[in-house]
Structure formats: structure tokens, C-alpha cells
Amino acid sequence: MRIALKSGLTRRQVADDFGVGLAPLNTWNTARM
């Protein structure tokens with residue numbers, strides 16, 4: 001995910017920041033690529 005890559009945050013941290021679970025974040029990220 002671009003935010004995680006550019007910010008240096010892990011996917012888990014990005015998911016927590018956005019208030020979503022890690023699985024939906026990964027699904028969204030996969031669909032966007």
C-alpha cells in the first residue's frame with residue numbers, strides 16, 4: 001500500500017490508523033494493484 005510504503009509504517013499500523021482490520025486493508029490493496 002502506498003501509504004505504508006511512503007510513510008515507513010507497517011500495514012498493521014496503517015490499518016489501525018484508518019480504523020479498519022488488516023484483512024480488509026489487504027483485500028483493498030490487492031484489488032487496487
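The structure presented is a predicted model; accordingly, all values stated were derived computationally and were not measured. (Residues numbered from 1 in each chain as written. Predicted model: local features only at pLDDT ≥ 70, side-chain atom pairs only at ≥ 80, totals over all residues. Heavy atoms only, no water.)

Visitor: Explain the overall build of the chain to me, and be specific about the residues and the numbers.
Guide: The secondary structure content of the chain amounts to three helices and zero strands. Helices and strands appear in the chain in the N-to-C order α-α-α. Here the chain holds 33 residues, and 18% of them are scored as buried. (Helix = DSSP H or I, 4+ residues; strand = E, 2+ residues; numbered from the N terminus. Buried < 20%, exposed > 50% of the residue type's maximum accessible area, 1.4 Å probe, protein only.)

Visitor: Give a detailed account of the environment of Asn26, specifying residues and quantitative values.
Guide: Inspection of the secondary structure assignment puts Asn26 in helix α3 (residues 22–32). According to the relative accessible area criterion, Asn26 is partly exposed, its value standing at 27%. Taking the C-alpha atoms as reference points, Asn26 and Ala15, 11 residues apart in sequence, are found 9.2 Å from one another.

Visitor: Let's hear about the confidence of the model for the chain: which residues, and what values?
Guide: In the predicted model, the chain carries a mean pLDDT of 76, and 67% of its residues have values of at least 70. When mean pLDDT is taken per element in the chain, helix α2 (residues 11–18) scores highest with 84 and helix α1 (residues 2–7) scores lowest with 69. (pLDDT = per-residue confidence, 0-100.)

Visitor: Go over the environment of Arg11, please, and point to the residues and values.
Guide: Tracing the backbone through its elements, the reader meets Arg11 in helix α2. Put simply, Arg11 and Leu25 are 14 residues apart on the chain and 7.9 Å apart in space, counted from C-alpha to C-alpha.

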